[in-house]
Each structure stands twice: as structure tokens, then as C-alpha cells.
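Commentary on secondary and tertiary structure
Listed here are the chains, written in short residue letters.
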Amino acid sequence: MTHYKPYPFTALIGQEMMKLGLILNAINPKIGGILIKGMKGSAKSTAVRALSDLLPDIKTIKDCKFNCNPDDPKESCHVCQEKIRTDSFTDQDIVYKKMQVINLPINSTEDRVVGTIDIKKALTQGIKSLEPGILATANRNILYIDEINLLADNVADILLDSAAMGINVIEREGISLHHPSHFILIGTMNPEEGNLRPQLLDRFGLSTTIERIADIKQRVKIMKYSAAYREDPEKFHAQFDTLQKKLQKQIIHGRSILHLTEISDNLLALIAQICIHFKTDGHRADITIAETAKTLAAYKNRLKVLPQDIKIATKLAITHRLHRLPFEDDTFDEDFVDRLIKEFQEKGDSTQLEEEEPDSAQSEEPEIKNEPEAESEPEAESESEPEAVSESEEELLQNSEHNVTENSSPDFSQIITPDQVFGVNYDIQSPQILHQKRIRKMLKVSGSKITHPTADRKGKYVGGVSSQQINLPTSTDISLTETLNSAAMNPENREFIKNGNKLVIKDENIHTKKRIGKSSHLIIFCVDASASMGVENQMASVKGAIYRILQNNYINRDKVCLIIFRKEKAEIILPPTRSVDLAYKLLHEIPTGGTTPLAAGIIEAFKVIDEEKRKKTGFIPLLVLITDARANVFFRDALSDVLYLAEKLAADEIETLVIDTEHSEVPLQLCKDFSELANAAYYHLSDLTVSQLEFILQEQGLLKVPV
């Protein structure tokens, strides 16, 4: 069997800042990990897995499930702490393990991450034994989460606690223990799929955004390398073996001299001045920049931090901590940092900026021969192309392109308050209708907003319930404590135990874990874009509301969809998304005018809802219908079509919010009848404005009420 070889790290083309961030974390885990943002197909995951081949060995205690450090009791579990305290282990008890990249799937359950009881041993042997989780394996390794922005909230909270304390506390089935949990957190995400919670975002020491490669020669080389690796991974990896070993030695050497690197008080003051200018929250940015700068110096085989190290470290550590509007790029004022460095040098500090030779670890690339024509390629081509982790720091900064378009972001500075809204009419009971409907059955966990029992194993364990009571199979997600208690209460079992027999567990004794989770909404705006509406102001109001919801989606974790109906059909303008950037791109221009196919719009909304249910995402659909209900395109009859669909919404228990914009002298009040049949919340607006729409959404809990 051929041993799997990851894609060589030194074969990665471009993305110098990303590669530098990964290397610095491999040298110094105290930096706190890195978040890599980029579009699909940009080799984010490939780069992280490639890092595993470069990671150095760590000293551990033999047979310990937590990779405990024999030289530091603070990085050891209860058992190993006792061994260290009594000095009761020998050289045979010390082993060296290679650091690993531990993958945490986004659908991981809380028990799988934290650890739980070994149910098999408990039921067959009566022993309460711990089954370690992913955090145990990740201790002193790298914990990698792909699509981290889609991670369930309860699992993300566990990671936050463990990362902050360096300890994972396990309390399960009457057992309470803890073990060290020091790991380098590496996350990758596609910004189009939604934002990351600020609490989790700040836990990353560094962040970088994948740059689009526009150089034809580099893109050709990427294709060649990819084809060669797929054809023969072993052969391809062997061609980069020299560069891999050279870079690995550089990482190990950087680790060995890291504790000797020094940073002057003046440079620390420079860091503080930078963080004050950019108004970063707390002090994590200051600490991270200082730690990263020292690591960068060690990586460059220096014992003193230079001002240029501060500039590179600032770019890596501060971009994801800046306060910015939704559509602004991840950029910072490099000119300001340059001015500070220039002033610093003019003061005559003993630490001067020096020119450095480019790294030699990857100064030469092997020639990849995956086809006969490859032999005739001119070698001069490689000299003109950027090499992996071989450019100077100044070149790294120059290669990062940021194109910020002025006035490209809508103004979110003004938030409407309810007492500023006029002209909103609704029934007294309307605001309470949706709240009354939000008593949930068992659902999948998908958000952070609406609490309900869960239908999967992602929710928080809050107790046990008899499997027979809820008609669940007896083999899934067993609650050990309740199961054993139920069996022990059986008089026959008590007699068996007195006679030395094992506890007998019957089917009726089996209890399943009761879990509570949270979900969020899929808010479907179904908007009338016909000529009978004041479409220009209306569309501006709807777009403003969508932007506002997505701006706050790190709080509510809602998804948003926009359907418009006009002429003879309905059209999905914005597919379900949590990405404010994608919404801004797709909602730039919306077609309007024509007739009113109201039924077609509602039917299209049903299709979106059915697709969401089919995928079992766990998001709760909420339909926001904005129309004057003057339909003139229908299937059978304009009135009967709409009322039939209203009854179907009620039958399917779809949360619906109707905003009636009818302003005729002879009102039909069809929206009113529709809302009553659909059991929907009803509002009437003579003129739809952003302020009025935001007030309604705030009242329904879909927007955060300003403090």
C-alpha cells in the first residue's frame, strides 16, 4: 500500500502572505492560529494539509491520549501531572510524535468534540471510562476547521472556552475531569457563505485573504503541478523533497531561537501606537503583533525584531480586527504604518531597518516532468516567477492588491428607532401571531436564535427521555445515566445485583439523550415589482432591509432570499445566503415594471421552502410578502389562486408576514383576507420606506433593536 503524501508546501504557487502566516504559526503556536478567507477552488484546504509535512516533532508521554508535555505539568492531564510530580516515569515513557493537522468536521457533535463516556464499556463491564474527543487529539497539534463560518454555535462556544483557558473540561454522566487543550486554530472560509462571529474571529491571531492570481505563467504552472501530483503523488513529492527538508529545518531552527529573540521598548510603543490608531478592541492585537514580529525575526534567523517585522506582523494580525462597513475590503492604512516606521528610524533607535537576502529555502524549484515537452521548457521562466516563501517582506506587502471603490458602501450609520416611524397600520394581534407560532418541534441545529428540541446530535445535552416515549430507535445517542438509573430501579435487577450478577438492561430501560439547540430563519422576501407599485422606492427599501439583516447576521445567523414577481413570472434575484457581499453584487440592479403575477411569486417561494426542507438545513422559513395584491396574471382566478395559496401556507405552518402597500381609493383588502387565511402577521403601509420596513422587522425580531 502506497503511503499517502500530501501536496508539497513548497510547490504552492503565489499566496505568499498565507504561506508565511502558516509557517509562523508552526514556529510559534502562541500566535493563536490563522483564518484564511477565499473563494472556492483557491487551494485553502490544500495549503493547510500541505503544512502537515513540515511540522516538527513534539515530546510527549507514552500512551497518553492527550499528548501531554513531560516537561510542563501545566500542559499535562491528571495522571501525567502525578507522574511528573513524583518523577515516576523513565526514558522509555518519553516518545516523540510528529505534529499533526487534526480536522474538525463542521457537523461534529458536542460529544465528539469534547469527549464522552465509553458507553460500550459502561453497559458491558459497568466501567465509567472516558472516550476522548477531538480536543484531546488536537492538544499540542493544529486544529483545522474547513468552512468554519458554518460551524454550529454550541461547538464554536466550546472551542472559544478551550482556546481561552487552554483546558477542556468534561462533565458527563457523573464524571468530571479536565485535560490540557492547547492547539493552533486554523480556519478556512468562503466569504460568500456568510460571516464569522466576532467572538470567534478575534480568537484567530492572524488572518489573510486569498489573492486572485492574474499572472498567466503562474496559472499555467498551477495546472501543470496539479496534473503531475494527481498522476503520481510520490514522484511529485520526491521532486520537492530537498526544498521541503530545507524549509522544515528553518522552522525547527526558528523554534529553537524563538526564546532568544528580543523586541525593544520603542518597538513595543510603535505597536501600541498602531493599535490605538486603528482603534482595535482590547489588547489581543498588540500582543499578537509583538509575538508575530518576534517569530518573524526567528524565522529570518535574527535575534532582534526590526521595524519591518512590525509592518508584516501588523498586516497579518490587524486586518480582521478592524471596524469596517459590510462591503469594505480587508485592508488597512499602510501609509500610516510606513510614516510611523520612518519617524521611528529618524529618532535614531538602535534597531535599524536592514535589507535582507531573500530566503534560500525555496530559491530553486525542481523541474516537473509530467510530459515530454516539459524537458524543453526554458529554465529562465522560473526566475521571473515568485517562489514559495522566498520573497522579501517588502515584496510580500507589494504583492497584496486592495482595490477599494469609494462610495461603494451604503450608509448604515443611521438606525431608525420605533418612535420615528409613522404610517404603519396593523391589527392589534398581528405582532403576536408569529411569536405564537414559534413553538418548535424537533429540528436540526442551524443558527443561534430560536431554541427548540433537536432532531440530531448537535444540540446541548440537557437530560434523558425514554426512547419508547418519543419513538426513536434504541441504538442512537444513548443517555447512560438515565438508562442505568431506569434499569437499577427494576426490582428484579436489584435481586440480581445482590446475588453478584450483572445489571440487566432491557429495551424499556434505554433512554435517549434529550438535546436543545438553536436555529435561525431563512427570510424570503417575495416582492411585487410590477408597474402598479412604487417600485423604485420600494426596491430601495427592500434592499436596505436585506443589507441590514445581513449586517447583523453574526448575531441572528439568518439567511436571506429575494424573489420578485413581474410581467408573467417570478424570479429569484438573490438565492438563500448569509453573505452581505454576495447580496450587494446581485441586488445592484433589479428589473421592475409590467403586470402582477402574485400567485407565481408565492409558488416560487414555496419552491425555495421545499428545497430548504429537502436539504434538511434546519433553517426555519419565514415569508415576507410585499404587494398591493392587485394581481392581473393568474392560473384560474386572481382571487381563488391567492386564497388557495394562503390556506396552503397555514396548513404547512409557514411563518408569513404580509406588508400591504395598497393605496387605492377603492381598496380590495385582498392582502387582509390573505393574511387571515395564512395566519400571518399583517401590516398596511401607504408608502413603503426603509424606516417603516425596518420598524416592522424589528418588531418581529428579525432585526436587532438599537440600544
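A brief look at the structure comes next. Please read these numbers as outputs of a predicted model, since none were measured by experiment. (Residues numbered from 1 in each chain as written. Predicted model: local features only at pLDDT ≥ 70, side-chain atom pairs only at ≥ 80, totals over all residues. Heavy atoms only, no water.)

Observations concerning the side chain of T577
Quick reminder of the rule: Helix and strand labels come from DSSP, where a helix needs a run of H or I of at least four residues and a strand needs a run of E of at least two; each type is numbered from the N terminus. Whether two residues touch is decided by their heavy atoms; if any such pair falls within 4.5 Å, the residues are in contact.
Take T577: it is sitting in strand β18 (residues 569-577). Apart from the residues lying within four places of it in its own chain, the contact partners of T577 are E192, L550, D558, K559, V560 and L582.

Describing a nonpolar patch on the surface
Note the threshold: Nonpolar side chains (Val, Leu, Ile, Met, Phe, Trp, Tyr) within 5 Å and like charges within 9 Å form the patches, drawn only from residues with over 30% relative accessible area and no salt bridge. Computed with a 1.4 Å probe, the accessible areas rest on the Shrake-Rupley method; for each residue, only the protein chains presented here act as cover. Within this document, salt bridges are pairs made up of a side-chain nitrogen of Lys or Arg and a carboxyl oxygen of Asp or Glu, the two lying within 4 Å of each other.
A cluster of nonpolar residues, M165, I167 and V169, forms a patch on the protein surface that exposes about 250 Å² of accessible area. Within the element layout of this structure, M165 appears in helix α7 (residues 153-165).

So, the pairing of strand β21 (residues 681-685)
Put simply, the rule is: When a residue's accessible area, from a 1.4 Å probe over protein chains only, is under 20% of the maximum for its type it is buried; when over 50% it is exposed; and in between it is partly exposed. Any two strands are treated as partners once DSSP identifies two or more bridges connecting them.
β21 sits mainly inside the fold: 4 of its 5 residues count as buried. Strand direction decides the pairing type here: strand β20 (residues 655-660) and β21, joined by 4 bridges, are parallel. Opposite D660, over in β21, you have H684 as the bridge partner.

Re unusual backbone geometry
Negative phi characterises most residues that are not glycine, and trans characterises most peptide bonds. The phi torsion at D63 lies on the positive side, around 70°, for a residue other than glycine. Position of D63 among the secondary structure elements: in the loop between β2 (57-61) and α3 (78-86). By relative accessible area, which is 71% here, D63 ends up exposed. In this model, R140 sits at a positive phi of 65°, which is unusual for a non-glycine residue. Judged by relative accessible area, R140 falls into the buried class, the value being 15%.

Re the nonpolar core
As a rule of thumb, nonpolar side chains are buried together in soluble globular proteins. For clarity, the cut-off: Only buried Ala, Val, Leu, Ile, Met, Phe, Trp, Tyr and Cys residues count toward a nonpolar core, and they belong to the same one when joined by side-chain atoms within 4.5 Å.
Grouped together as the largest cluster of nonpolar side chains are 65 residues, with contacts concentrated most on F9, L22, I186 and I310. Of the residues forming this core, the biggest block, 8 residues, is contributed by helix α1 (residues 16-27). If sequence neighbours within four positions are ignored, I186 has contacts with L22, I34, V48, L51, I142, L143, Y144, I145 and F204. Judged by nonpolar contacts, the second largest core, of 34 residues, contains L622, V624, I659 and A681.

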